[in-house]
Amino acid sequence: NLSLINMIVQEGMSADELLSRNENFLSQQSQLLARLSKLEKEVFRFYIQQLHYDEIVDELERIFPGKRIGKKTVDNALQRLRSKAQDLAKTLDFEE
């Protein structure tokens, strides 16, 4: 996980390098979010907040009333999210 704090504590990085890396990270995050469904975005949001599967299920049931949501729904969404992130990473590697 590349956070601004992680970048700042790395020695030898200039302000320009920090800014460039942060812009690159934000661009990649934006590209990933553009590939995700609404459900996947919500699961991602709660997952990075370190909610447990049961808590994510509860939150999703509020957001998507009437839709059957269980731990398997969350797990499947995370698997799709990981796959899309890996595909994006491969695409970005080819562009460099």
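You'll find the structure just up there.
Summary of the structure given here. (Residues numbered from 1 in each chain as written. Predicted model: local features only at pLDDT ≥ 70, side-chain atom pairs only at ≥ 80, totals over all residues. Heavy atoms only, no water.)

1. So, the pattern of salt bridges
Tallied over the entire structure, the rule returns six salt bridges. Across the pair Arg80 and Glu40 runs a salt bridge whose closest N-O atoms are separated by 2.6 Å. With Arg80 in helix 5 (residues 71-95) and Glu40 in helix 3 (residues 38-48), the pair connects residues that are 40 residues apart, well separated along the chain. Taking relative accessible area as the criterion, Arg80 reaches 35% and is therefore assigned partly exposed. (Salt bridge = Lys/Arg side-chain N within 4 Å of Asp/Glu carboxyl O. Helix = DSSP H or I, 4+ residues; strand = E, 2+ residues; numbered from the N terminus. Buried < 20%, exposed > 50% of the residue type's maximum accessible area, 1.4 Å probe, protein only.)

2. So, the packing of helix 3 against helix 4 (residues 53-63)
In contact at an axis separation of 10 Å, helix 3 and helix 4 are set at 140° when each is read in the N-to-C sense. Here helix 3 lies oblique to helix 4, going by the angle between them. The two elements helix 3 and helix 4 meet at a crossing, and its hand is right-handed. Contact residues: Leu39, Glu42, Val43, Arg45, Phe46 and Tyr47 in helix 3; Ile56, Glu59, Leu60 and Ile63 in helix 4. Here the residues of the contact of helix 3 with helix 4 sort into seven nonpolar, no polar and three charged. (Axes fitted to C-alpha atoms, helices over the stretch in contact; angles between N-to-C directions. Parallel < 35°, antiparallel > 145°, perpendicular 65-115°, else oblique. Left-handed = near helix turned anticlockwise from the far one by under 90°. Contact = heavy atoms within 4.5 Å. Nonpolar A, V, L, I, M, F, W, Y, C, P; charged D, E, K, R; others polar.)

3. Focus on unusual backbone geometry
Residue Gln50 is not a glycine yet carries a positive backbone phi of 65°. Considering the arrangement of structural elements, one finds Gln50 in the loop between helix 3 and helix 4.

4. A short note on the side chain of Glu40
By relative accessible area, Glu40 is classed as buried at 2%. Engagement of the side chain of Glu40 in a polar contact is seen with the backbone nitrogen of Ser37, the distance being 2.8 Å. Here Glu40 is in contact with Arg35, Ala77, Arg80, Leu81 and Lys84, once residues within four sequence places are set aside. (Polar contact = N/O pair within 3.5 Å; in protein donor to acceptor, adjacent residues only side chain to side chain.)

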